[in-house]
Amino acid sequence: MEMKKRINLELRNRSPGEVAELVIDNCRSNEGEIDGFDDGFKELEYLSMINVGLKSLAKLPNLHKLLKLELSDNSISGGLELLTEKCPNLVYLNLSSNKIKDYSTVEPLKNLTHLKSLDLYNCDISNPNDYRESIFKLLPHITYLDGFDRDDQEAPESDEEEGEEDEDGAGAAEEYYDDEDEDEEEEDEDEEDDEQEPDGEVGLSYLLKEEIQDDEDDDDYVHEGEEEEADEQEETVAQGQKRKREAEDEGEEDE
């Protein structure tokens, strides 16, 4: 697919100013030159043009917000000074497997003051034994060359490490909540066991509840008995008073 058509396809109905990341690997450049780009990609931060047959950067648009540029597996042999003008804020530049031969070709990259990682692996320039020492001396501001620093320490793959941390965190959280659920289930089972033991045996909790209920029933019975006794006493007193009044009435009649 031609580069221009590939770019239009990757836009996906967006305007160039809305795109922050663009990958157009393995398409065909226009006779070795960039085609289909313009200055409208003002928000672009990541651009990948791997294996597109690129020979020149002459038609690269102004991409002042671009931080990462992938240009590996092309046929670029020079013109890197254009990057300092078009992409002044580059942090990562991959030029591996291109036709770069001389130190003078990469010398203009010293003006990319934000550049931290440069990849020239499998270029002719990387063949001499003192290649790494010479590049770090020529470009003292870079931290990593071909993925390793001056002490041969590999560059951290920050994206992958962050992804692993997120997975570990998610796994820990999931394990925590699983443990909580198991604890709650065990508590529920303990409560059920207290009320009803296996094989139909009555549990301690059930017996205690029955005993409390019996005590309450006894209290109710006592109160009812006391009330009946009081009623009987009141009835006896009333009958006594009635008989006394009747006797007095009979005495008055005799007189």
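Residues numbered from 1 in each chain as written. Predicted model: local features only at pLDDT ≥ 70, side-chain atom pairs only at ≥ 80, totals over all residues. Heavy atoms only, no water.

### Quick word on helix H4 (residues 131–138)
Next, step 1: Turning to H4, its buried residues number three or more, namely Tyr131, Ser134, Ile135 and Phe136.
Next, step 2: Buried residues in H4 make contact with helix H3 (103–106) and strand S6 (144–145). (Buried < 20%, exposed > 50% of the residue type's maximum accessible area, 1.4 Å probe, protein only. Helix = DSSP H or I, 4+ residues; strand = E, 2+ residues; numbered from the N terminus. Contact = heavy atoms within 4.5 Å.)

### Some words on the nonpolar core
Next, step 1: The biggest cluster of nonpolar side chains holds 43 residues, and the ones touching the most others in it are Phe37, Met49, Leu83, Leu93 and Leu109.
Next, step 2: Breaking this core down by element, the ones donating at least two residues are helix H1 (3–11) and H4.
Next, step 3: The contact partners of Met49, leaving out residues within four places of it in the chain, are Met3, Ile24, Asp25, Ile34, Phe37, Leu54, Glu70, Leu71, Ser72 and Asn74. (Core = buried A, V, L, I, M, F, W, Y, C linked by side-chain atoms within 4.5 Å.)

### What to know about the sheet that holds strand S1 (residues 21–23)
Next, step 1: Overall, parallel pairing links the 6 strands, which are arranged S1-S2-S3-S4-S5-S6 in an open sheet. Single-partner strands in this sheet number two, and they are S1 and S6.
Next, step 2: Where strand S4 (residues 92–94) meets strand S5 (residues 117–119), 3 bridges bridge the pair, whose relative direction is parallel. When the bridges of S5 are listed, Asn94 appears paired with Asp119. (Pairing = 2+ DSSP bridges.)

### So, the packing of aromatic side chains
Next, step 1: Counted under the stated rule, the structure contains 1 aromatic pair.
Next, step 2: Just above the ring of Tyr92 sits the side chain of Lys68; from NZ or CZ to the centre is 4.7 Å. (Phe/Tyr/Trp six-rings, centres within 6.5 Å; stacked < 30°, edge-to-face > 60°. Lys NZ or Arg CZ within 6 Å of the ring centre and 35° of its normal.)

Shape is all these values report; function is a separate question.
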